[in-house]
Amino acid sequence: RATSARPATTGDRPGSPPPAQPRPGLPRVQVLVVDDSPTVRRQLTLAFERMGVACDAVPSAVAGLERMSAIRYDLVLVDVVMPEVDGYQLTREIRRRHRGIPVIILTSRSSPFDLARGALAGCASYLVKPVTLRKLEAAVIKVLRKTLAIDDLSGLIRPISLYAPASSRPSEPDRSRGPAGRA
């Protein structure tokens, strides 16, 4: 895996939890975020840093595919509405080129038709924005448990929900569904 110098993480700031320390001998989980919104890319990068997960973020499908040809990712999060190539097309292309890498679609589109399109494209999970940190963490853990075949991810991912402020915790029932109605 390629590594790069990263800016200070949330664990480096006063009053924030320390970064997750991976168990010796275990590789660090590597996630790619593909979203045209700089705000969403930054928020997800910060969330993954709090989880102790290495995160790269790019603004387009083309940039995502280029990055994936250089670095092996454990998981990719994709927005649906992007210029040039939409998230459904990108998901299909990732499944074709990088068969074992799961994709979570993260979008504001929530109709049953969109959920079905995500499932047909091959996504492992479908999250509807805005998504709480707890829901993001749960989806990531569920997908990684399945694809990495590891039940205990505690050495790879720090539970972000332990550090999430009460305002980011869901106060009403979860209305999002996974592909074709699955969680």
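A few points on the structure. (Residues numbered from 1 in each chain as written. Predicted model: local features only at pLDDT ≥ 70, side-chain atom pairs only at ≥ 80, totals over all residues. Heavy atoms only, no water.)

Some details on the overall build of the chain
Just so we agree on the cut-off: Strands here are runs of E lasting at least two residues and helices are runs of H or I lasting at least four, both read from the DSSP assignment and numbered beginning at the N terminus. Accessible area is worked out with a 1.4 Å probe on protein chains only. A residue is then buried under 20% of its type maximum, exposed over 50%, and partly exposed in between. Any two residues whose heavy atoms approach within 4.5 Å are treated as being in contact.
Scanning the chain for helices and strands turns up 5 helices and 5 strands. Listing each helix as α and each strand as β along the chain from the N terminus yields β-α-β-α-β-α-β-α-β-α. Going through the 183 residues of the chain one by one, you find that 46% of them count as buried. Long-range pairs, those at least 24 residues apart, make up 67% of the contacts in the chain between residues at least 6 apart in sequence.

Comments concerning the pairing of strand β1 (residues 30-34)
This is how the line gets drawn: Whether two strands pair comes down to DSSP finding at least two bridges between them.
For β1, the buried fraction is high: 5 of the 5 residues fall into the buried class. Residues of β1 alternate between two faces, with Gln30, Leu32 and Val34 on one and Val31 and Val33 on the opposite face, all of them buried. Pairing of β1 with strand β2 (residues 54-58), which is carried by 5 bridges, proceeds in the parallel orientation. Its bridge partner being in β2, Val34 is matched across the sheet by Val58.

Observations concerning the pattern of salt bridges
Working definition: two side chains of opposite charge can pair if their charged atoms are close together. We count it as follows: The salt bridge definition used is simple: a Lys or Arg side-chain nitrogen within 4 Å of an Asp or Glu carboxyl oxygen.
Summed over all chains, the structure comprises 7 salt bridges. A salt bridge links Asp56 to Arg67; its shortest N-O distance comes to 3.8 Å. Taken together, the positions of Asp56 in strand β2 and Arg67 in helix α2 (residues 61-70) put the pair 11 residues apart, joining distant regions of the chain. You can call Asp56 buried: its relative accessible area is 8%. Residue classification places Arg67 among the partly exposed residues on the basis of a relative accessible area of 30%. Salt-bridge contacts for Glu93 lead to Arg96; the nearest nitrogen and oxygen are separated by 2.5 Å. A residue pair is termed a helical-turn pair when its members lie 3 or 4 positions apart in one helix, as Glu93 and Arg96 do in helix α3 (residues 87-97) at 3 residues. Here the salt bridges share partners, and the residues they tie into one network are Asp35, Asp79 and Lys129.

Section: the sheet that holds β2
Let me state the cut-off plainly: For helices, the fitted axis covers only the stretch in contact; all axes are lines through C-alpha atoms, and the angles between them, taken along N-to-C directions, range from 0 to 180 degrees.
Ordered in space as β2-β1-β3-β4-β5, the 5 strands form an open sheet in which the pairing is parallel. With partners counted over all chains shown, the strands left at the sheet margins are β2 and β5 (125-128), one partner each. Each strand of the sheet is rotated relative to its neighbour by a mean of 20°, with strand direction disregarded. Here β1 pairs with strand β3 (residues 75-78) via 4 bridges, running parallel. Residue Val31 lies in a different strand from β3, and its bridge partner there is Leu75.

A closer look at the environment of Val76
For Val76, the position within the fold is in strand β3. Distance from Val76 to Cys123, taken between C-alpha atoms, is 9.7 Å for residues 47 residues apart in sequence. Setting aside chain neighbours within four positions, we find Val76 in contact with Leu32, Val34, Met68, Ile94, Ile101, Pro102, Val103 and Ile104.

Regarding the packing of α2 against α3
The line we're drawing: Our angle categories are set so that under 35 degrees counts as roughly parallel, over 145 as roughly antiparallel, 65 to 115 as roughly perpendicular, and the remainder as oblique. Take the far helix as the reference: if the near one is turned anticlockwise from it by less than a right angle, the crossing is left-handed, and if turned clockwise, right-handed. Lys, Arg, Asp and Glu make up the charged group, whereas Ala, Val, Leu, Ile, Met, Phe, Trp, Tyr, Cys and Pro make up the nonpolar group; the residues left over, Gly among them, are polar.
Interaxial distance between α2 and α3 falls to 11 Å at its minimum, and their mutual angle equals 15°. The orientation of α2 relative to α3 falls into the category roughly parallel. Handedness of the α2/α3 crossing: right-handed. From α2, Ala61, Leu65 and Met68 reach across to α3, where they touch Leu90, Glu93, Ile94 and Arg97. In terms of residue class, the contact of α2 with α3 is made up of 5 nonpolar, no polar and 2 charged.

Everything listed is a geometric property; what it means functionally is a separate question.
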